[in-house]
Amino acid sequence: MTVDEARGHIGHGVIYQPPGGGIDSAEEGTITSVGGRWVFVRYGRSRTSAATDPAALTLLAAPLG
C-alpha cells in the first residue's frame, strides 16, 4: 500500500507483515491517521498508534453492508 492509498482508508483494517517475517509475525490493525511518510496504525487493544511503513500493509476487505 502507498501513503496516498492509506489516506483514503483511514478507519479501515489492515494487516501488517514485517519484511522477512513469516505468517506468524503478521498483525491486524486499524489505520488511525496518515503523515507524510508513515501510516499510523492501532494494533490489537493498544491505546496508541504506531508509525508503520505503508509498504508493509495490506488493506483488509471492507465489510459488506
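Right above here is the structure, for reference.
Residues numbered from 1 in each chain as written. Predicted model: local features only at pLDDT ≥ 70, side-chain atom pairs only at ≥ 80, totals over all residues. Heavy atoms only, no water.

Student: Explain the pairing of strand S3 (residues 39–43) to me, using residue names and the numbers behind them.
Tutor: Only one face of S3 is covered, namely the one carrying Val39, Val41 and Tyr43; the face carrying Phe40 and Arg42 has none of its residues buried. Where strand S2 (residues 27–34) and S3 come together, 5 bridges link them in antiparallel fashion. Across the sheet, the residue bridging to Ser33 is Phe40, located in S3. From the end of S2 to the start of S3, which pair antiparallel, there are 4 residues. Relative to strand S4 (residues 50–52), S3 runs antiparallel, the two being bridged by 3 bridges. Of the residues in S4, the one forming a bridge with Val41 is Ala50. Connecting the antiparallel pair S3 and S4 is a turn made up of 6 residues, with Gly44 showing a positive phi of about 55°. (Buried < 20%, exposed > 50% of the residue type's maximum accessible area, 1.4 Å probe, protein only. Helix = DSSP H or I, 4+ residues; strand = E, 2+ residues; numbered from the N terminus. Pairing = 2+ DSSP bridges.)

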